[in-house]
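Here are the chains, one letter per residue:
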Amino acid sequence: NNRIYDNNATTEGFGILLSNTNQSNITNNDLNKNTYSILLSTSPNNLVKENKVYKSQFGLYLSGSNTNDIKNNKIYDNELEALYFDDSDFNILTYNNISNNLDEAIYMSLSDSNIFYDNNISSNRGSGLFIVNSKINNISDNDLLLNARGGIKFFASDNNLVDKNTFIKTSI
């Protein structure tokens, strides 16, 4: 149960690392030039909001972390994935601006029952969302614009809902 507010982290390592931690609040931090700007490892029920995450390798990385609320973040200009989900379920991503990343905006593997609602995912060199071996995710009311390798890609994934999204110069 940590409160991490108003920090600037430029470490070339971990900007913010939570491991086996729950009910923490990560708000209004400026995180750049890190390997992982925010890493949640086996950390459920956290709030990540209003952070600027940029020019890092990975923006936000979740591993075995469930039921987190990720909202109103600006995640841009990262070298690899802006958001990476590995075996992380029941997370909610809303009102994030994810843009100009050099790889996938959001990469998800073995992650089920997540909600992506009203995010702006634009001008990424990879796909807007790349979903692998994941099911029952809800992707609704997002703007997916100008992503070089497509808006949403699925591989070995089923029972996902894609509803009321806007695709401009990108595709499913």
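Just above sits the structure.
Student: What exactly am I supposed to notice about the environment of asparagine 101 here?
Tutor: Among the structural elements, asparagine 101 can be located in the loop between strand S14 (97–99) and strand S15 (106–109). C-alpha separation for the pair asparagine 101 and lysine 33, spaced 68 residues apart in sequence, amounts to 13 Å. Each residue touching asparagine 101, except ones within four places of it in the same chain, is listed here: Ile75, Tyr76, Asp77, Asn78, Leu80, Ala82, Ser123, Asn124 and Arg125. In terms of polar contacts, asparagine 101 uses its side chain to reach the backbone carbonyl oxygen of isoleucine 75, at 3.5 Å. In this structure the side chain of asparagine 101 is engaged in a polar contact, spanning 3.1 Å, whose partner is the backbone oxygen of serine 99.

Student: Explain the side chain of aspartate 112 here, please?
Tutor: Inspection of the secondary structure puts aspartate 112 in the loop between S15 and strand S16 (115–117). At 2.8 Å, the side chain of aspartate 112 forms a polar contact with the backbone nitrogen of lysine 135. With residues near it in sequence (within four places) discarded, aspartate 112 still touches Ser88, Asp89, Phe90, Asn133, Ser134, Lys135 and Asn137.

Student: Looking at this model, I keep getting lost on the pairing of strand S18 (residues 129–132). Mind explaining?
Tutor: Every regular strand shows the same layout, with side chains that alternate between the two sheet faces. Bridge count between S15 and S18: 4 bridges; the pairing is parallel. Bridged to methionine 108 within S18 is isoleucine 131. Two strands pair when backbone bridges link them, and S18 and strand S21 (residues 152–155) are joined in this way by 4 bridges, in the parallel orientation. Considered in S21, the bridge of valine 132 is made with phenylalanine 155.

Student: Looking at this structure, how should I read the sheet that holds strand S4 (residues 25–27)?
Tutor: Strand pairing in a sheet relies on backbone hydrogen bonds. The paired strands run either parallel or antiparallel. With parallel pairing, 8 strands are arranged side by side in an open sheet as S1-S4-S7-S10-S13-S16-S19-S22. With one partner strand each, in any of the chains shown, strand S1 (3–5) and strand S22 (161–163) form the two edges of the open sheet. Strand-to-strand, the axes of this sheet are offset by a mean angle of 5°, without reference to chain direction. Inspection of the sheet shows S4 paired to strand S7 (residues 47–49) by 3 bridges, in the parallel sense.

Student: When you look at a nonpolar patch on the surface in this model, what are you seeing that I'm missing?
Tutor: The grouping of Ile92, Tyr95, Ile115 and Tyr117 at the surface amounts to a nonpolar patch, some 340 Å² of accessible area in total. Note that isoleucine 115 resides in strand S16.

The rules behind each value
- Residues numbered from 1 in each chain as written.
- Predicted model: local features only at pLDDT ≥ 70, side-chain atom pairs only at ≥ 80, totals over all residues.
- Heavy atoms only, no water.
- Helix = DSSP H or I, 4+ residues; strand = E, 2+ residues; numbered from the N terminus.
- Contact = heavy atoms within 4.5 Å.
- Polar contact = N/O pair within 3.5 Å; in protein donor to acceptor, adjacent residues only side chain to side chain.
- Pairing = 2+ DSSP bridges.
- Axes fitted to C-alpha atoms, helices over the stretch in contact; angles between N-to-C directions.
- Patch = residues over 30% accessible without salt bridge, like charges linked within 9 Å, V, L, I, M, F, W, Y side chains within 5 Å.
- Areas by Shrake-Rupley, 256 points an atom, 1.4 Å probe, with all protein chains shown as cover.
- Salt bridge = Lys/Arg side-chain N within 4 Å of Asp/Glu carboxyl O.

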